[in-house]
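Fold and geometry: a report
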Amino acid sequence: MNTHPSILVFLADLHVGGTSGLMPPRFITFEGNEVRPNEYQKWTWKGWKKAWKWAREIIGKDEWAAVAVGDLTDGLHHMENGNRELWSLANDDHAGGAIDVLKDVLKDASEVFISEGTHCHTRYSEHGIAGALSVNGINVVKPSKQQSAWPELDVKVNGALALIDHHISTTSRSYSESSAYSATLADVRNRRSRAGLECPKLIVRAHRHQYGCWDDGYSTLVVLPPWQGQTRFTHRVVPRIVPQCGLVIADFRNVPYGEQPVIQKCIYTYKPAPPNVL
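Here goes a summary of the coordinates provided.

The rules behind the values
Residues numbered from 1 in each chain as written. Predicted model: local features only at pLDDT ≥ 70, side-chain atom pairs only at ≥ 80, totals over all residues. Heavy atoms only, no water. Salt bridge = Lys/Arg side-chain N within 4 Å of Asp/Glu carboxyl O. Helix = DSSP H or I, 4+ residues; strand = E, 2+ residues; numbered from the N terminus. Buried < 20%, exposed > 50% of the residue type's maximum accessible area, 1.4 Å probe, protein only. Core = buried A, V, L, I, M, F, W, Y, C linked by side-chain atoms within 4.5 Å. Contact = heavy atoms within 4.5 Å. Pairing = 2+ DSSP bridges. Axes fitted to C-alpha atoms, helices over the stretch in contact; angles between N-to-C directions. Expected span 1.5 Å × (residues − 1). Polar contact = N/O pair within 3.5 Å; in protein donor to acceptor, adjacent residues only side chain to side chain.

1. Re the pattern of salt bridges
- Evaluated as defined, the whole model comprises 10 salt bridges.
- The residue lysine 53 makes a salt bridge to glutamate 57 at a minimum N-O spacing of 2.8 Å. Of this pair, lysine 53 and glutamate 57 both sit in helix α1 (residues 39–59), four residues apart, which is roughly one turn of that helix. Like glutamate 57, lysine 53 is exposed.
- With its nearest N and O atoms 2.9 Å apart, the salt bridge here joins arginine 191 to aspartate 187. A residue pair is termed a helical-turn pair when its members lie 3 or 4 positions apart in one helix, as arginine 191 and aspartate 187 do in helix α5 (residues 177–194) at four residues.
- Judged by relative accessible area, which is 34%, aspartate 187 ranks as partly exposed.
- Members of the salt-bridge network, linked through shared partners, are Arg26, Glu34 and Arg36.

2. What to know about the nonpolar core
- One finds Leu14, Trp48, Trp52, Leu102, Leu106 and Leu133 to be the most contacted residues of the largest nonpolar core, which totals 38 residues.
- Those elements that place two or more of their residues in this core are β1 (7–11), α1, β4 (65–69), α2 (91–103), β5 (111–115), α4 (125–135) and β11 (244–251).
- In terms of residues, this core owes the most to one element, α1, which gives seven residues.
- Residues within four places of tryptophan 52 in sequence aside, it is in contact with Val9, Leu11, Trp64, Val105, Leu106 and Leu247.

3. Regarding the sheet that holds strand β10 (residues 220–223)
- Here we have five strands laid out as an open sheet, ordered β6-β7-β8-β10-β9, and mixed in their pairing. Only two strands of the sheet have a single partner each, and these edge strands are β6 (153–157) and β9 (212–215). Across this sheet, the average inter-strand angle for adjacent strands is 15 degrees, counted without regard to direction.
- Summarising the sheet, strand β8 (residues 202–205) and β10 pair through four bridges and their orientation is parallel. The residue of β10 that forms the bridge with arginine 205 is valine 223.
- Docked against the sheet, α5 engages β6, β7 (160–164), β8, β9 and β10, running at close to 50 degrees with respect to β9.

4. Some details on α1
- Between the first and last C-alpha of α1 there are 31 Å, a value that for 21 residues agrees with the 30 Å anticipated at 1.5 Å per step.
- Where α1 is buried, its residues touch β1, α2, β11 and β12 (262–269).
- With a side-chain oxygen lying 3.2 Å from the backbone nitrogen of tyrosine 40, the N-terminal cap of α1 falls on asparagine 38.

5. Let's talk about the pairing of β4
- Among the five residues that make up β4, five are buried, leaving the element largely enclosed by the rest of the structure.
- Burial along β4 is two-sided: Ala65, Val67 and Val69 facing one way and Ala66 and Ala68 facing the other are all buried.
- With four bridges joining them, β1 and β4 adopt parallel strand pairing. Following the sheet pairing, leucine 11 is matched in β4 by alanine 68.
- Pairing geometry for β4 and β5, over five bridges, is parallel. Of the residues in β5, the one forming a bridge with alanine 65 is glutamate 111.

6. As for the environment of proline 200
- Among the structural elements, proline 200 can be located in the loop between α5 and β8.
- For the pair proline 200 and glutamine 260, spaced 60 residues apart in sequence, the C-alpha separation works out to 9.0 Å.
- Dropping the residues within four chain positions of it, proline 200 is found in contact with Leu161, Leu163, Val188, Arg189, Arg192 and Ser219.

From the geometry alone we can't say anything about function, so treat these as descriptive.
So this is what it looks like as structure tokens:
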């Protein structure tokens, strides 16, 4: 699929609906209750506003496309384990919150692509979110008349192929996280070469809740930063994480035709309260 803009703005893992996910300053639930953010969510909202200001400065007056790479909502997950880290027990509220935070920042995008995330979080809510954004005048590019979100996405920009999907393996050890980057990049290229398919210059993933970028000189793999902090469930896969949030831009402007883009990132790191002194 060919897209015209030479700038792709990537966002992922908003987890709207969770008590550590992105949340607007004020939200009215389906039942009419007013919900407001906690202190961590106030911090992420400030980061959200600043990150989009940064993105607009990078974009300037050029056309751009946005790609939302899964887990826009937190969803009713792990309920059998007594999950209480949700500000609503209605998936519709989570989706409504995601629409609220996205509709303003995406209104100027020439094209918007939304991919599916982790099933236990979102089920198929990305399809409904994409449809609602379309109703709000946003140019959501859909895979078919029946579907509004992409299971995975192949986008060609400036002659370079980008492969976009939510999932990649996680790691509990920061010192070995590059193994998954290089392994994923090599595996994708090997499988596509065997099938006689074009190999990508850019691979984008999310899911890890930890920004990372790997470049072997031929292709680039980027793992997107999240907009959710630490939870009782992320401890299982990413223990000891220092919460961060941010956006990533793949900039194909002034890049030779068919080559890798310039990767630019805007990341904010949460500074916890100072430790108690005994």
